[in-house]
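Residue-level structure breakdown
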Amino acid sequence: MEISTMSTKRRILSLFLKLVVIVSATVGVYLSATDGLIAFMSGSRVFRFFTIQSNVAIALVCAVGAILLIRNKPVSNGWFVFKFVFTVAITLTGAVFCVMLAPTLGDQAWTLRNLLTHVVVPIASIADFFVTGVYGDIQKKHVPYVTLPPFAYVIYATIAYIAGVEFAPGKNYPYFFLNWDSPAGAFGFCKGLPFMGCVWWILLLSLLILGVGLIYVLILKKMKRRRNGIYQKQS
């Protein structure tokens, strides 16, 4: 897709947001990897978590987009779809942490590394998606693609669970809702965390990300109609 028609103001804004994503993700991942093993999602095991994987992925997508934007090169629709998929993935990262994980972590929740990887990167990524997305062709048919990164992670985490891989000392699962050995198991329910089995959590989060993907597409379509309407009036 041609982005040569992008205004200078929008171009600068997009580059700024991409830089925020790249720097915040890099610093956040570094701080997480160099932190002690006692803290949640830290140390040498940090790359086993969806948070870090989604931060790295969206940073790489933004880096490619920034290079293309600076060089004023045509951007394929495939890049816009990738940006869409990993924007939803990083949205999931932020939403799950803020709503589900932070309340269980207490003082460990709002550290600098967690703020960068769970709040700053998601917000900047979402903002940049809407700044640049109007130049792509993202359709409703692309919405199911947003389930691919989370489903791939569930498969990975389940295999790691079976193999006894530790995500933290004494824990062979990354998040409480992927603990197949919890009192709720796969399909059950219990009074405390995780409240319901892993399968129910997976289904719930699947519906959530599909809903987010659809909402993003609908918002983008409305923005594109408004943009096209403005261009038609000017012409």
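To start, this report covers the structure provided alongside it. If you're wondering where the values come from, they're calculated on a predicted model, not measured in any experiment.

A complete count under the given rule lists 19 aromatic pairs for this structure. Each member of the aromatic cluster is reached from another via a ring pair, and the members are Phe-49, Phe-50, Tyr-153, Tyr-156, Phe-167, Tyr-175, Phe-176, Phe-177 and Trp-201.

Below, the discussion takes up the packing of helix H2 (residues 50-70) against helix H3 (residues 77-105). Two elements in contact, H2 and H3, have axes separated by 9 Å at closest approach and are oriented at 150 degrees. With respect to each other, H2 and H3 are oriented roughly antiparallel. Here H2 and H3 pass one another in a crossing that is left-handed. Along its contact with H2, which presents Phe-50, Thr-51, Ser-54, Asn-55, Ala-57, Ile-58, Val-61, Cys-62, Val-64 and Gly-65, the element H3 presents Trp-79, Lys-83, Phe-86, Thr-87, Ala-89, Ile-90, Leu-92 and Thr-93. Residues of the contact of H2 with H3, tallied by class, amount to 11 nonpolar, six polar and one charged.

So, on to unusual backbone geometry. A cis amide bond links Leu-193 with the next residue in sequence, Pro-194, at an omega value of 10 degrees. Positive phi is not limited to glycine here, since Asn-72 has a value of about 55 degrees. Positionally, Asn-72 belongs in the loop between H2 and H3. A relative accessible area of 40% places Asn-72 in the partly exposed class. Phi is positive for Phe-195, which is not a glycine, with a value near 75 degrees.

Attention shifts here to the environment of Phe-47. Here Phe-47 is to be found in the loop between helix H1 (8-34) and H2. According to the relative accessible area criterion, Phe-47 is partly exposed, its value standing at 46%. Counting along the chain gives 15 residues from Phe-47 to Ser-32, while the straight-line C-alpha distance between them is 9.3 Å. Discounting residues that sit within four places of it in the chain, Phe-47 has contacts with Val-29, Ile-52 and Gln-53.

Our focus in this paragraph is the nonpolar core. In this structure, Phe-84, Tyr-153, Tyr-175, Phe-177 and Leu-178 are the most contacted members of the largest nonpolar core, which totals 56 residues. For this core, the elements supplying multiple residues, two or more each, are H1, H2, H3, helix H4 (112-132), helix H5 (148-163) and helix H6 (198-234). It is H3 that contributes the most residues to this core, 14 residues altogether. Filtering out sequence-adjacent residues up to four positions away, Leu-178 remains in contact with Tyr-153, Val-154, Ala-157, Tyr-173, Cys-198 and Ile-202.

Thresholds applied
Residues numbered from 1 in each chain as written. Predicted model: local features only at pLDDT ≥ 70, side-chain atom pairs only at ≥ 80, totals over all residues. Heavy atoms only, no water. Phe/Tyr/Trp six-rings, centres within 6.5 Å; stacked < 30°, edge-to-face > 60°. Axes fitted to C-alpha atoms, helices over the stretch in contact; angles between N-to-C directions. Helix = DSSP H or I, 4+ residues; strand = E, 2+ residues; numbered from the N terminus. Parallel < 35°, antiparallel > 145°, perpendicular 65-115°, else oblique. Left-handed = near helix turned anticlockwise from the far one by under 90°. Contact = heavy atoms within 4.5 Å. Nonpolar A, V, L, I, M, F, W, Y, C, P; charged D, E, K, R; others polar. Buried < 20%, exposed > 50% of the residue type's maximum accessible area, 1.4 Å probe, protein only. Core = buried A, V, L, I, M, F, W, Y, C linked by side-chain atoms within 4.5 Å.

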